[in-house]
Structure formats: C-alpha cells, structure tokens
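Report on the structure
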Amino acid sequence: DFLCIHCKNAFPKLHEFLKANPDVQLQFQTWPLDGCKGSDKEPGVRCQLGIAAHCANLQGQGEKAAEYFFNHQEQFYQVTDLKKEVDTMATTVGGLNMDTFNACYSDPQSLAMVRKQVEAGATAKLEGTPGFFINGKAYKGPPEPALFKQILNSL
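The paragraphs below set out a description of the structure included in this document. Fair warning: this is a prediction, and the values are worked out from it, not measured in the lab.

Notes on the side chain of S110
- Here S110 lies in helix 7 (residues 108-123).
- A residue is classified by how much of its surface remains accessible, and S110, at 3% relative accessible area, is buried.
- With sequence-adjacent residues up to four places away left out, S110 is seen in contact with I51, H54, C55 and C104.

Structure follows, in structure tokens:
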C-alpha cells in the first residue's frame with residue numbers, strides 16, 4: 001500500500017536485501033488497504049496508485065514508480081487531482097511510453113488485476129502491510145535484511 005508508512009519504511013530495507021542477494025527473486029504485489037472498494041470510476045486513491053504502479057511495471061519501471069510514490073507519500077493523503085499527480089510520477093520516473101501508460105491506467109482490466117491482488121492477500125490471510133511470503137510462508141513485521149538472510153540460508 002503506497003500510503004502505508006510501514007511499507008514506505010520497508011521499501012529501502014527490502015531493496016538493500018535484494019541487492020545483496022541477486023539470486024533472490026521478488027514478486028511484488030500491491031495490497032491497497034482501501035480494498036479497491038470504490039466504484040469502477042473512483043476505486044480509491046490507494047487502489048489507483050496500485051494501478052499506476054502496475055502500469056509502470058509493465059514497462060519495466062515499477063520499482064521507480066513505487067519509489068516515487070513512497071518518496072512523495074504525504075502529498076497523496078490530500079490529493080485533489082490524482083490523475084495529474086500520477087502523470088507527474090510517470091513523466092518523472094522516465095522510460096514510459098505515456099500513451100501505453102495512460103491506456104493501461106484507464107483499462108478496466110488493470111483495476112480488475114489490482115482487485116485480484118487484494119483478493120489474493122485476503123485469501124492468504126494477510127493481516128496488514130507490508131506483508132512478506134517466502135516460499136509460500138508468511139512473515140510478519142518489518143523486513144530486516146539479517147532475518148531475511150537467515151531465512152534464505154535455511155532454505
């Protein structure tokens with residue numbers, strides 16, 4: 001959830017671990033705490049940020065989009081023109097074809113995909129964000145690189 005302060009704090013620690021362990025594969029999924037329960041036209045800010053990250057990720061810029069959202073998290077709490085802010089992210093991170101990005105962002109299938117991730121989190125009994133699953137086992141709490149390394153060594 002890009003508006004979750006715990007996720008924002010976890011993001012650099014997780015990437016520190018991944019950089020130190022290039023053999024580890026990350027499968028990132030959004031889990032907007034608003035559950036994308038709004039209407040299809042206005043599914044909620046958290047959900048729409050998840051959609052934007054998904055669309056950026058399809059063009060190889062998902063990590064940069066996530067980093068942008070976490071670095072600018074405070075401005076999204078009271079955003080008045082979300083699409084304008086999402087467009088600012090897309091142009092700031094660079095490397096995105098804006099026509100492709102905008103088509104993806106407005107595609108109902110992108111909303112459906114994020115809602116599917118919300119359902120997957122509920123099915124997995126994700127109790128909060130951030131959540132981590134290593135080889136299918138859930139781990140609670142912040143991502144501590146030393147703990148992740150210990151888990152990795154035990155696999």
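Describing the packing of aromatic side chains
- Applying the stated criterion across every chain, the model contains seven aromatic pairs.
- The interplanar angle of 50° and the centroid separation of 5.2 Å between the aromatic rings of F2 and F70 together place this pair among those described as tilted. One end of the pair, F2, is in the segment before helix 1 (5-20); the other, F70, is in helix 3 (residues 62-71), with 68 residues separating them in the sequence. F70 matches F2 in its accessibility class, with the two residues each being buried.
- With a centroid separation of 6.1 Å and 15° between ring planes, the pair formed by F101 and Y105 is classed as stacked. One end of the pair is F101 and the other is Y105, both in helix 6 (residues 98-106) and four residues apart, which spans about a single turn. Both residues of the pair, F101 and Y105, count as buried.
- Through successive ring pairs, a cluster of aromatic residues spans F2, F11, F28, Y68, F69, F70 and F76.

The rules we used
Residues numbered from 1 in each chain as written. Predicted model: local features only at pLDDT ≥ 70, side-chain atom pairs only at ≥ 80, totals over all residues. Heavy atoms only, no water. Helix = DSSP H or I, 4+ residues; strand = E, 2+ residues; numbered from the N terminus. Buried < 20%, exposed > 50% of the residue type's maximum accessible area, 1.4 Å probe, protein only. Contact = heavy atoms within 4.5 Å. Phe/Tyr/Trp six-rings, centres within 6.5 Å; stacked < 30°, edge-to-face > 60°.

Taken by themselves, the reported measurements are silent on function.
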